[in-house]
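Coordinate analysis (summary)
Single-letter residue listing:
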Amino acid sequence: MSEKIKQPIYLTVDFEDYRYNFSRDFLSIKKYYIDEVERQYWILRNIFKKINAKALFYIVGEVAEKLNENLVNDINLNFDIGSHSLNHLKLLKMSEDEIYRDTKKSIELIENKFLKKIEHYRAPYFSIDKNETNYYKAISKAGIKFSSSLRQKKNNSKKVINLNEYGITEIPLRSIGFGLKRITVIGGSYFRLMPISLIEKLISDTIKLNFLPLIYIHNYEADYLATPIMKKNKLNLKLQTNDYLRRLGRSTVEKKLIYLSKKYSFQSLDNFVKNY
């Protein structure tokens, strides 16, 4: 009996330094933890090898600059890459010129490190709401051809949106709810915290609604042994809770990916857009 052909699902990784982002945004400390980032890569790499997964890595430019050559070579051999901004700041209130300079510099750092042309981009936190015009003008000017930053409830296009005026192909993600904290299908905290039965239903519904089935994860999300950033202290209870929620469910990520791999074939988003 021939093996059943698996349906493709497209896997992306937002590759960043979570500990740096948190410390900068909440503690005003700017320090990269590249050893931790690199360790998290190999955790993911081992999982992806088990499930024969291809993926597109959206890499933060300042992180890319600091990666060791062994890791860079492994990514080049096994995965596709794009930019995830220069240093993972929200784009919501940036001008066109600010987004352009941020994107251009990130591309330069990534291309210099990986010796590959960068044409893919994802905005940090999907932060282009109400700033789409500045965003698309800026990333187009910087040389980007493919974006996956737009969140929509409905998709009337054929899985992608051809923004001919900018020379950009946008691959939107389905969203549920309202505002900046709406559920994006499916990845990040939602992938960690939701039961696999709900994740399967969301993926199935997303396909029926004519969205491209996408799973986005971060490099840190399978690192369930990472040291907490905040120590227990009544004075920092809010930050401690924030950090805790970013860790909750990390131990389930590998199991969920393995489970889904029995039904789906994990492919790189680059493979889809280049053959669309």
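So, how was this worked out
- Residues numbered from 1 in each chain as written.
- Predicted model: local features only at pLDDT ≥ 70, side-chain atom pairs only at ≥ 80, totals over all residues.
- Heavy atoms only, no water.
- Helix = DSSP H or I, 4+ residues; strand = E, 2+ residues; numbered from the N terminus.
- Buried < 20%, exposed > 50% of the residue type's maximum accessible area, 1.4 Å probe, protein only.
- Contact = heavy atoms within 4.5 Å.
- Salt bridge = Lys/Arg side-chain N within 4 Å of Asp/Glu carboxyl O.
- Core = buried A, V, L, I, M, F, W, Y, C linked by side-chain atoms within 4.5 Å.
- 1 Å grid on protein atoms, 1.4 Å probe; cavity = no way out; pocket = protein on both sides within 12 Å on 5 of 7 lines; lining within 4 Å.
- Points joined across faces, edges and corners; volume = space filled by probe spheres on them.
- Polar contact = N/O pair within 3.5 Å; in protein donor to acceptor, adjacent residues only side chain to side chain.
- Arc of directions from axis to C-beta.
- Pairing = 2+ DSSP bridges.

1. Overview of the environment of L89
- Along the polypeptide, L89 turns up in the loop between β3 (80-83) and α5 (96-114).
- We classify L89 as partly exposed; its relative accessible area is 34%.
- Taking C-alpha positions, L89 is 6.4 Å from P124, a pair spaced 35 residues apart along the chain.
- Dropping the residues within four chain positions of it, L89 is found in contact with R24, M94 and P124.

2. Overview of the pattern of salt bridges
- Under the defined criterion, the tally for this structure stands at 16 salt bridges.
- Taking the shortest distance from any N to any O, the salt bridge between R39 and E36 comes out at 3.7 Å. With a gap of 3 residues between them, R39 and E36 both fall in helix α2 (residues 34-50), about one helical turn apart.
- A relative accessible area of 14% means that E36 is categorised as buried.
- The partner of R101 in a salt bridge is D97, with the nearest N and O atoms 2.8 Å apart. In this pair, R101 and D97 are both assigned in helix α5, 4 residues apart and thus about one turn of the helix distant.

3. Some details on the nonpolar core
- With 62 residues, the main nonpolar core has F48, F57 and I215 as its most contacted residues.
- Broken down by element, the residue count for this core peaks at 6 residues, all from α2.
- In this view, F57 contacts V13, F15, Y41, F48, F79, D80, I81 and G82; residues no more than four positions away in its chain are not counted.
- With 14 residues, the next largest nonpolar core counts I171, L173, L212 and L269 among its residues.

4. Some details on empty space enclosed by the protein
- On inspection of all chains with the given rule, the structure shows 1 cavity of 30 Å³ or more.
- Considering only enclosed or pocket space, the largest cavity measures out at about 40 Å³ in volume.
- If you go around the largest cavity, the residues you meet are Y18, R19, E36, Q40, Y220, A226, I229, R247 and R250.

5. A look at the side chain of D14
- Following the sequence through the fold, D14 ends up in strand β1 (residues 7-15).
- Looking at D14, the relative accessible area reads 3%, which means it is buried.
- Side-chain polar atoms of D14 contact the side chain of R122, separated by 3.1 Å.
- In this structure, D14 is in contact with Y58, H84, R122, I217, H218 and N219, ignoring residues within four places of it in sequence.

6. Considering helix α6 (residues 132-141)
- Looking at α6, one finds that the buried residues are Y135, Y136, A138 and I139. Buried residues of α6, seen end-on, are gathered within an arc of 165° and therefore sit on one face of the element.
- Looking at the buried residues of α6, the elements they touch are α5, β4 (120-121), β5 (146-147), β7 (161-163) and β8 (168-170).
- After α6 finishes, the residue G143 shows a positive phi value of roughly 105°.

7. Here's the deal with the environment of N46
- Within the secondary structure, N46 sits in helix α2.
- Looking at N46, the relative accessible area reads 46%, which means it is partly exposed.

8. Let's talk about the pairing of strand β11 (residues 214-218)
- In terms of burial, β11 is a largely internal element, 5 of the 5 residues being buried.
- Of the two faces of β11, both are covered, the one formed by L214, Y216 and H218 as well as the one formed by I215 and I217.

9. Remarks on the sheet that holds strand β6 (residues 151-152)
- One open sheet holds the 3 strands; their spatial order is β6-β9-β10, and the pairing between them is mixed. Every other strand in the sheet has two partners, leaving β6 and β10 (183-184) as the edge strands with one partner each.

10. Examining unusual backbone geometry
- Between V185 and the following residue, I186, the backbone shows a cis peptide bond with an omega angle of -15°.
- Here I186 lies in the loop between β10 and α7 (188-193).
- Its identity as a non-glycine residue notwithstanding, S28 has a phi of 55°, on the positive side.
- Position of S28 among the secondary structure elements: in the loop between α1 (18-27) and α2.
- Positioned with a positive phi, L115 is a non-glycine residue whose angle comes to about 55°.
- Positionally, L115 belongs in the loop between α5 and β4.
- Residue classification places L115 among the exposed residues on the basis of a relative accessible area of 74%.

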